[in-house]
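Notes for the structure review
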Amino acid sequence: MSDHPVSHRQDFAEVLGHIQQTRQRVFAQANTALIDLYARIGQTLSHKVAQGGWGKGVVTELARYIAHADPTIKGFSDKNLWRMKQFYEAYQGDEELSPLVRELPWTHNVIVFSRCKSPEERAFYLRLTAQDKLGKRELERQIDTALFERSTLPAKLSPAARVLHPSIDQAFKDRYVLEFLGLPEPHSENDLKRALVQHMKAFVLELGKDFLFVGEEFRLQVGNQDFFIDLLFFHRGLSALVAFELKVGQFKPEHMGQLNFYLEALDRDVKKSHENPSIGVLLCRDKDDEVVEYALSRNLSPALVAQYQLQLPDKKLIAAKMHELLAQHDGVGDE
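Residues numbered from 1 in each chain as written. Predicted model: local features only at pLDDT ≥ 70, side-chain atom pairs only at ≥ 80, totals over all residues. Heavy atoms only, no water.

**Some points on a nonpolar patch on the surface**
A surface patch of nonpolar side chains, about 260 Å² in accessible area, is lined by Val15, Leu16 and Ile19. You can see Ile19 is positioned in helix H1 (residues 5-50). Using a relative accessible area of 44% as the deciding quantity, one classes Ile19 as partly exposed. (Patch = residues over 30% accessible without salt bridge, like charges linked within 9 Å, V, L, I, M, F, W, Y side chains within 5 Å. Areas by Shrake-Rupley, 256 points an atom, 1.4 Å probe, with all protein chains shown as cover. Salt bridge = Lys/Arg side-chain N within 4 Å of Asp/Glu carboxyl O. Helix = DSSP H or I, 4+ residues; strand = E, 2+ residues; numbered from the N terminus. Buried < 20%, exposed > 50% of the residue type's maximum accessible area, 1.4 Å probe, protein only.)

This is how it looks when you write it as structure tokens:
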């Protein structure tokens, strides 16, 4: 050991950084080469099957041949070979998605192309996985919770929210899935808040990774009185504080008054000068969309009303809701 380890620490860190960066580049290059190999094998299988010469029996023979000829080669079972064929057929000729699939490990690619039916859905999860560096379990959960379908449903926002935060639609959802809480029915607002804090990592994944948790029961002092925000976050992309108020019942218009008061106090006393106006979220168990629209239409604060559910969603119901909204939009345009 050196007599002066501190004096060399910066140099040591620099050497370690070189090693780590090179390892990452090597891994990325190896992964790209592997995905290219699987695509080539998939192309071969696709063409042979299309020509009528190969079927399941031949592919099984191929898997046995590879295993016998070189026992050190792993990952080429008949099941995986068929996956390579599916993989090639899912992305052949797609210049937009082909570079994305090369960024992701094979396991992630298998999840996406085997569980997502449309090119739009595949593109959504490929980009999300690459951008947020999702692990296998995180990716599977996002698909289970129908994130793609939910992301197409617009959040219920006040006009001020869009004026003050033009990109706010991308930051919030109309519905949040909190199946990881394991809450009983019925439950109180304190039960909900306590469970969210206990499962904050999972909650932030559901909210979006730009959310940073500031605290629970965040105290605001106005005059001689204390007020407490259920949960306070900071959103890096919007550069704004985000106050969450929790309601275990149905949304009521009077809830907006309390939330607006909290936002005013945050902007006057907590927000830093370089930050944007604070945003308020009423997270309710249930809501009537028409009542929400009326309540938000003349609201002067950047606020939204969202709904939470404690079970995994029915994708068919969400898809039906999505088509209903699209039909309404098209109908308005035709008038």
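The structure having been displayed, the exposition proceeds.
**Remarks on the nonpolar core**
One finds Phe172, Leu178, Leu181, Phe203, Phe233 and Phe244 to be the most contacted residues of the largest nonpolar core, which totals 33 residues. Where this core is concerned, the elements lending two or more residues are helix H10 (189-198), helix H11 (200-207), strand E4 (225-235), strand E5 (240-250), strand E6 (279-286) and strand E7 (303-309). The contact partners of Leu178, leaving out residues within four places of it in the chain, are Leu192, Leu196, Phe203, Glu206, Tyr308, Gln309 and Leu310. Formed by 32 residues, the second largest nonpolar core is a distinct cluster that contains Phe87, Cys116, Ala123 and Tyr125. (Core = buried A, V, L, I, M, F, W, Y, C linked by side-chain atoms within 4.5 Å. Contact = heavy atoms within 4.5 Å.)

**Quick look at the side chain of His108**
Positionally, His108 belongs in helix H5 (residues 106-115). At a separation of 3.1 Å, a polar atom in the side chain of His108 contacts the main-chain carbonyl oxygen of Leu134. Apart from residues no more than four positions distant in its own chain, His108 is found in contact with Thr129, Leu134, Gly135, Lys136 and Leu139. (Polar contact = N/O pair within 3.5 Å; in protein donor to acceptor, adjacent residues only side chain to side chain.)

**Section: a negative patch on the surface**
Residues Asp286, Asp288, Glu290 and Glu293 make up a contiguous surface patch of negative charge. Judged by relative accessible area, Glu293 falls into the exposed class, the value being 55%. (Lys, Arg positive; Asp, Glu negative; His and termini not counted. Charge placed at Lys NZ, Arg CZ, Asp CG, Glu CD.)

**Comments concerning the pattern of salt bridges**
The tally for this structure, following the rule as stated, stands at 21 salt bridges. Taking the shortest distance from any N to any O, the salt bridge between Glu185 and Arg285 comes out at 2.5 Å. Here Glu185, found in the loop between strand E2 (175-177) and H10, pairs with Arg285, found in strand E6; they are 100 residues apart in sequence, far enough to count as distant. Accessibility expressed as a relative area gives 49% for Glu185, which makes it partly exposed. Here Asp210 ties to Arg236 by a salt bridge, and the two come within 3.3 Å at their closest N and O atoms. Residue Asp210 is located in the loop between H11 and strand E3 (211-222), and its partner Arg236 is located in the loop between E4 and E5; the two are separated by 26 residues in the primary sequence. With a relative accessible area of 29%, Asp210 lands in the partly exposed category. Shared partners join several salt bridges into a network, and the residues in it are Arg141, Arg150, Glu179 and Glu206.

**Some details on the environment of Lys201**
Take Lys201: it is sitting in helix H11. The exposure class of Lys201 is exposed, given its relative accessible area of 74%. Counting along the chain gives twelve residues from Lys201 to Phe213, while the straight-line C-alpha distance between them is 9.5 Å.

**A closer look at the packing of aromatic side chains**
Taken as a whole and assessed by the stated rule, the structure comprises 17 aromatic pairs. For the ring pair Phe172 and Phe211, a centre distance of 5.6 Å and an interplane angle of 80 degrees mean the geometry is edge-to-face. Of the two residues, Phe172 sits in the loop between helix H9 (159-164) and E2 while Phe211 sits in strand E3, which places them 39 residues apart along the sequence. Looking at Phe172, the relative accessible area reads 4%, which means it is buried. Between Phe227 and Phe261, the ring centres sit 4.8 Å apart and the planes meet at 65 degrees, which makes this aromatic pair edge-to-face. In this pair, Phe227 is assigned in strand E4 and Phe261 in helix H12 (residues 255-269), connecting sequence segments 34 residues apart. Pairwise contacts between aromatic rings join Tyr38, Phe76, Phe87, Tyr91, Trp106 and Phe113 into one cluster. (Phe/Tyr/Trp six-rings, centres within 6.5 Å; stacked < 30°, edge-to-face > 60°.)

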